[in-house]
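Per-entry structural report
Single-letter residue listing:
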Amino acid sequence: MSIVVYLGDAEETREWIGLLSRLMPDHEIRDFDDPGQLSAVEYAVVWAPPRGGIARFPNLKAVVSVGAGVDHVLRDPNLPKHLPILRTTGPDMVQRLREYVALHVLAHHRELATTDASQARGEWRQIVTPVAGRRRVGVMGLGNIARACARTLVDLGFDTAGWSRSGRQVDGVTVFAGADGLPAFLAQTEILVCLLPLTPETRDILDSRLFAQLPKGARLINAGRGGHLVEDDLLAALDSGRLGGATLDVFRTEPLPADHPFWGHPRIRITPHIASMIDAETGASVIAENIRCFERTGASDAVADPKRGY
Ligand code: GLV
């Protein structure tokens, strides 16, 4: 019985095949593009697989997403509907995202871009920012990983709010729920952190209508998905001063095309989808364990709900 791997990058795929082969010696681990006997494939470990690719394997037991999000699997119109999809999360990934959120919220809070620009001009310019307790940060999405990030912001002393569909409570965080709660959440958010899953309801949610409800000069950090953001609306909001800056980890097209206007924009900081990027060794061991658990029990905490989209 075999497991196929697709990561979009041949070298990375080879590395993961090597790691999974060592961790799962009872399975043959193969390249998705060189799968051998199609009927022998039981699991597909993938990131953004090509459309129609998964449907080639008639005896697949589950698709394994190399990441917490499953939108890159669900976007395939030929994906067999019955297939369970396992997400990859775990303490390592949570810790990485906590670090990313803390780093970039603090960078906006302490006006790091302005200080960097002053240094580039050789200018001694002291900026006094409010203490964290007087800075209102809002986290959109309150799943497992986002809840940990919101708690990190609370621990740093930020006045932290959260918004989600269900409004599940998080210690120390003021939680707003659903469409009705969104305007009040936005009206008080100076630094907005998007950690939502990409679903039909959240696609394009970061648009000019939403930006108009934030305090003038608010900052945006998007570590959700590129599909959340209406790119032209962001450019217009930055150019008009409605938003004061943005940090973007995810993009509608990845890698971000070389001629994209975000690259050279003075108020946009770009990171190349690395907010919670797991190292191959840790990722492979989490995935091997998730597959083993799924084999044993036919279920797993990691199984996503395709109807919900995460
Ligand atoms: C990263 O984007 C993930 O889905 O884990």
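Given the structure is predicted, the values throughout are model-derived calculations rather than measurements.

**With respect to the sheet that holds strand 4 (residues 62–65)**
Sheet strands associate in pairs through backbone hydrogen bonding, adopting either a parallel or an antiparallel arrangement. On the basis of which strands lie adjacent, the open sheet formed by 5 strands has the order 2-1-3-4-5 and parallel pairing. Looking at the sheet topology across the chains shown, the edges are occupied by strand 2 (28–31) and strand 5 (85–86). Across 5 bridges, the pairing between strand 1 (residues 2–6) and strand 3 (residues 41–46) is parallel. Bridge pairing in strand 3 places Val5 opposite Val45.

**Points about the packing of aromatic side chains**
By the definition in use, this model includes 5 aromatic pairs. With a centroid separation of 6.2 Å and 85° between ring planes, the pair formed by Tyr43 and Phe294 is classed as edge-to-face. Here Tyr43, found in strand 3, pairs with Phe294, found in helix 9 (residues 280–297); they are 251 residues apart in sequence, far enough to count as distant. As far as the burial class goes, Tyr43 and Phe294 line up, both buried.

**So, the site of the ligand**
By nearness alone, every residue bordering the ligand is listed as Trp47, Gly67, Ala68, Gly69, Met93, Arg225, His273 and Ser276. Residue Ala68 places a main-chain N or O atom 2.6 Å away from an oxygen atom belonging to the ligand. When the free accessible area of the ligand is taken as 190 Å², the share hidden by the protein chains comes to 87%.

**Quick word on the domain arrangement of the protein chain**
Taken domain by domain, the protein chain comprises domain 1 (2–90 + 278–297) and domain 2 (91–270). Computed from C-alpha coordinates alone, the two centres of domain 1 and domain 2 are separated by 31 Å. Taken together, the contact pairs 11 residues of domain 1 with 8 residues of domain 2. Interface area for domain 1 against domain 2, summed over the two sides, is near 800 Å², with a carbon-plus-sulfur share of 58%. On the domain 1 side of the contact with domain 2, Asp71, Gly90 and Ile278 bury the most area, a combined 59% of that side's loss. At the surface where domain 1 touches domain 2, the tally comes to 2 salt bridges. Residues Arg225 and Asp71 are paired through a salt bridge, measuring 2.9 Å at the closest nitrogen-oxygen approach. Linking domain 1 to domain 2 there are 5 residue pairs in polar contact (both at pLDDT 80 or more). Considered class by class, the residues forming the side of domain 1 that touches domain 2 number 3 nonpolar, 6 polar and 2 charged.

**Here we look at the packing of helix 3 (residues 91–109) against helix 5 (residues 144–156)**
Their axes nearest at 9 Å, the elements helix 3 and helix 5 cross at an angle of 45°. Relative to helix 5, the element helix 3 is oriented oblique. Considering only the axes of helix 3 and helix 5, their crossing is right-handed. Where helix 3 approaches helix 5, its residues Met93, Val94, Leu97, Arg98, Val101, Ala102, Val105 and Leu106 are matched on the opposing element by Ile145, Ala148, Cys149, Thr152, Leu153 and Leu156. Classifying every residue of the contact of helix 3 with helix 5 gives 12 nonpolar, 1 polar and 1 charged.

**Examining the sheet that holds strand 10 (residues 218–222)**
Ordered in space as 8-7-6-9-10-11-12, the 7 strands form an open sheet in which the pairing is parallel. Looking at the sheet topology across the chains shown, the edges are occupied by strand 8 (174–177) and strand 12 (268–270). On average, adjacent strands in this sheet sit at an angle of 15° to one another, irrespective of strand direction. By the bridge criterion, 5 bridges tie strand 10 to strand 11 (residues 243–248) in an arrangement that is parallel. When the bridges of strand 11 are listed, Ile221 appears paired with Thr247. Sitting on the sheet, helix 5 touches strand 6 (136–140) and strand 7 (159–164), and the angle it makes with strand 6 is about 175°. In the packing of helix 8 (residues 231–240) onto the sheet, contacts are made with strand 10, strand 11 and strand 12, and the angle to strand 11 comes to roughly 140°.

**A short note on helix 6 (residues 178–187)**
It helps to recall that an α-helix has 3.6 residues per turn; residues three or four apart then point in one direction. Taken residue by residue, helix 6 has Gly178, Gly181, Leu182, Phe185 and Leu186 as its buried positions. The arc that holds the buried residues of helix 6, viewed along the axis, is 130°, so those residues lie on one side. For helix 6, the elements touching its buried residues are strand 6, strand 7, strand 8, strand 9 (191–194) and helix 7 (208–211).

**Considering the nonpolar core**
Core analysis: the biggest nonpolar cluster contains 30 residues, and Met140, Leu206, Phe211, Leu220, Leu234 and Phe262 have the highest contact counts within it. At the level of secondary structure, the elements contributing two or more residues to this core comprise strand 7, helix 6, strand 9, helix 7, strand 10, helix 8, strand 11 and strand 12. If we skip the residues at most four places from it in the chain, Leu206 touches Met140, Leu192, Cys194, Phe211, Leu220, Asn222, His228, Leu229 and Val230. Grouped together as the second largest cluster of nonpolar side chains are 28 residues, Leu97, Val101, Val139 and Leu153 included.

Here is what the cut-offs are and how they apply
Residues numbered from 1 in each chain as written. Predicted model: local features only at pLDDT ≥ 70, side-chain atom pairs only at ≥ 80, totals over all residues. Heavy atoms only, no water. Pairing = 2+ DSSP bridges. Helix = DSSP H or I, 4+ residues; strand = E, 2+ residues; numbered from the N terminus. Phe/Tyr/Trp six-rings, centres within 6.5 Å; stacked < 30°, edge-to-face > 60°. Buried < 20%, exposed > 50% of the residue type's maximum accessible area, 1.4 Å probe, protein only. Near = heavy atom within 4 Å. Polar contact = N/O pair within 3.5 Å; in protein donor to acceptor, adjacent residues only side chain to side chain. Areas by Shrake-Rupley, 256 points an atom, 1.4 Å probe, with all protein chains shown as cover. Domains from an automatic or database assignment. Contact = heavy atoms within 4.5 Å. Buried area = accessible area lost by both parts, 1.4 Å probe. Salt bridge = Lys/Arg side-chain N within 4 Å of Asp/Glu carboxyl O. Nonpolar A, V, L, I, M, F, W, Y, C, P; charged D, E, K, R; others polar. Axes fitted to C-alpha atoms, helices over the stretch in contact; angles between N-to-C directions. Parallel < 35°, antiparallel > 145°, perpendicular 65-115°, else oblique. Left-handed = near helix turned anticlockwise from the far one by under 90°. Arc of directions from axis to C-beta. Core = buried A, V, L, I, M, F, W, Y, C linked by side-chain atoms within 4.5 Å.

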